[in-house]
Amino acid sequence: MVAGETGIRAGPRTSGALRRSWVLHLPRGDSLQVGGSRRALVMGILNVTPDSFSDGGLYYERDAAVARAEEMAGEGADIIDVGGESTRPGAEPVPEEEQVRRVVPVIEAIARRLETPISIDTSRAAVARRALDAGAQIINDVTALRDDPMMAPLAAERGAPVVLMHMKGTPRTMQIDPTYEDVVREVVSFLHERIEAAVSQGVRREQIVVDPGFGFGKTLEHNLELLRRLDELASLGAPILVGTSRKSMLGEILSVGPRDRVFGMAATVAVALERGVEMVRVHDVRAAVHVAKVIAAIQGRAWT
Ligand code: HH2
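Residues numbered from 1 in each chain as written. Predicted model: local features only at pLDDT ≥ 70, side-chain atom pairs only at ≥ 80, totals over all residues. Heavy atoms only, no water.

Some points on the packing of helix H5 (residues 183-200) against helix H6 (residues 220-228)
Right, so step 1: Put simply, H5 and H6 touch, their axes get as near as 9 Å, and they point 70 degrees apart. By the angle between their directions, the pair H5 and H6 is classed as roughly perpendicular. Contact residues: H5 offers Val183, Val184 and Val187, while H6 offers His222, Glu225 and Leu226.
Right, so step 2: Among the residues making up the contact of H5 with H6, the classes are represented as four nonpolar, one polar and one charged. (Axes fitted to C-alpha atoms, helices over the stretch in contact; angles between N-to-C directions. Helix = DSSP H or I, 4+ residues; strand = E, 2+ residues; numbered from the N terminus. Parallel < 35°, antiparallel > 145°, perpendicular 65-115°, else oblique. Contact = heavy atoms within 4.5 Å. Nonpolar A, V, L, I, M, F, W, Y, C, P; charged D, E, K, R; others polar.)

Here is the structure:
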């Protein structure tokens, strides 16, 4: 059996597939149950940036950001993902000090007001360290610990769960003609390599979450192939996080702007959860929580 799996079989009202279950241990002592008998976790996105692709500028002011975090918690978010750097295609890196200036006051304020765990969306260890000091408890690194050699040691030292995401290239270059022989196999082998690299640097295997990185160096067809074959990521033995929210793959299908892609997101979340995904990262928390609850009920899991 793959490490981290319990081997608990799904109940009689479900498809009979292996029901996977983990407990992520948070640095401040709490834990997050992932999979098993409970509904999928919903990570609410909080972009403290002037230029994110769908909500740039909306939550750039501290008070607006904190109010949005409270709203998402009220809608059922299980994690608030705070980021101070846009990673949209073509985006330039934001200096560490500027990311810290954007996210730290917001994280401090949210951690004071809410019990909802906070993740920090950054690839820079200096930013993650300051965010963890301010009250964040999970590291979400879209470069899977490749951008900054100090990120893995930091995660190991703090005992923080880490999201490792697949990306081909960098945000500046990733959408320039991405090609794969088999996108799913390449993503799986990349994530396998990154899990082993993290573990070899002291990160506990049970604290690792993987993410195929929708829209990061992928065409529409690559993204759709990944969605169709998400169950193949289960071989990695880690919880799977999926982020399709408002992304251009939905815009290409629906010909609508980013804020009008909520139903499209809901369709992808429903399919992902039915393929065994345990976590989703979304802007529209209320909609995703509703989908997660209904899917959980259908699968015979607790939906509250
Ligand atoms: N997508 C974005 C940013 N961070 N992290 C994970 N783990 N998975 C994702 O799919 C992912 C991510 C991009 O979306 P968003 O944060 O809304 O936009 P921007 O990068 O422009 O701020």
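From this point on, the discussion continues.
Some words on the packing of helix H8 (residues 262-274) against helix H9 (residues 285-299)
Right, so step 1: One way to put it is that H8 packs onto H9 with a least axis distance of 10 Å and a crossing angle of 30 degrees. When the interaxial angle is binned, H8 and H9 end up roughly parallel. Between H8 and H9 the crossing geometry is right-handed. Within the contact between the two elements, H8 uses Val262, Met265, Ala266, Val269, Ala270, Leu273 and Glu274 and H9 uses Ala287, Ala288, Val291, Ala292, Ile295 and Gln299.
Right, so step 2: Classifying every residue of the contact of H8 with H9 by side-chain character gives 11 nonpolar, one polar and one charged. (Left-handed = near helix turned anticlockwise from the far one by under 90°.)

Overview of the site of the ligand
Right, so step 1: Taken together, 18 residues form the shell around the ligand, and within it Ser52, Ser86, Thr87, Asp211 and Lys247 come nearest.
Right, so step 2: The side chain of arginine 281 places a nitrogen or oxygen atom 2.8 Å from an oxygen atom of the ligand.
Right, so step 3: Contact with the protein chains covers 99% of the free accessible surface of the ligand, which is 480 Å².
Right, so step 4: Here the shell around the ligand is composed, by residue class, of six nonpolar, seven polar and five charged. (Near = heavy atom within 4 Å. Polar contact = N/O pair within 3.5 Å; in protein donor to acceptor, adjacent residues only side chain to side chain. Areas by Shrake-Rupley, 256 points an atom, 1.4 Å probe, with all protein chains shown as cover.)

Brief notes about the environment of aspartate 55
Right, so step 1: Mapped onto the elements, aspartate 55 comes out in the loop between strand S3 (41-47) and helix H1 (62-74).
Right, so step 2: Taking the relative accessible area as the measure of exposure, aspartate 55 reaches 3% and is therefore buried.
Right, so step 3: When the C-alpha atoms of aspartate 55 and arginine 259 are compared, they prove to be 8.3 Å apart, with 204 residues separating the residues in sequence.
Right, so step 4: Apart from the residues lying within four places of it in its own chain, the contact partners of aspartate 55 are Asn47, Arg246 and His283. (Buried < 20%, exposed > 50% of the residue type's maximum accessible area, 1.4 Å probe, protein only.)

Some thoughts on the pattern of salt bridges
Right, so step 1: Under the criterion given, the structure shown has 27 salt bridges.
Right, so step 2: Among the ionic pairs, lysine 168 bridges to glutamate 186, the shortest N-O distance being 2.7 Å. Separated by 18 residues along the polypeptide, lysine 168 in the loop between strand S7 (162-165) and H5 and glutamate 186 in helix H5 bring together distant segments of the chain.
Right, so step 3: You can call lysine 168 partly exposed: its relative accessible area is 27%.
Right, so step 4: According to the relative accessible area criterion, glutamate 186 is partly exposed, its value standing at 29%.
Right, so step 5: Linking arginine 205 and glutamate 196 is a salt bridge whose minimum nitrogen-to-oxygen distance equals 2.9 Å. (Salt bridge = Lys/Arg side-chain N within 4 Å of Asp/Glu carboxyl O.)

So, H9
Right, so step 1: The first and last C-alpha atoms of H9 sit 21 Å apart over 15 residues, in line with the 21 Å expected at 1.5 Å per residue.
Right, so step 2: Those residues of H9 that sit buried are Val285, Ala288, Val289, Val291, Ala292, Ile295, Ala296 and Gln299. The arc that holds every buried residue of H9, seen down its axis, measures 160 degrees, which confines them to one face. Facing away from the buried side of H9 by over 90 degrees, the exposed positions are Arg286, Val294 and Ile298.
Right, so step 3: Residues of H9 that are buried sit in contact with S3, H1, H8 and strand S10 (279-282).
Right, so step 4: Looking at the residues trailing H9, positive phi occurs at glycine 300, about 80 degrees. (Expected span 1.5 Å × (residues − 1). Arc of directions from axis to C-beta.)

Topic: the sheet that holds strand S5 (residues 118-121)
Right, so step 1: On the basis of which strands lie adjacent, the open sheet formed by eight strands has the order S8-S7-S6-S5-S4-S3-S10-S9 and parallel pairing. The strands lining the two open edges of the sheet, one partner per strand, are strand S8 (208-211) and strand S9 (241-242).
Right, so step 2: Set on the sheet, H1 makes contact with S3 and strand S4 (79-83); between it and S3 the angle comes to about 165 degrees. (Pairing = 2+ DSSP bridges.)

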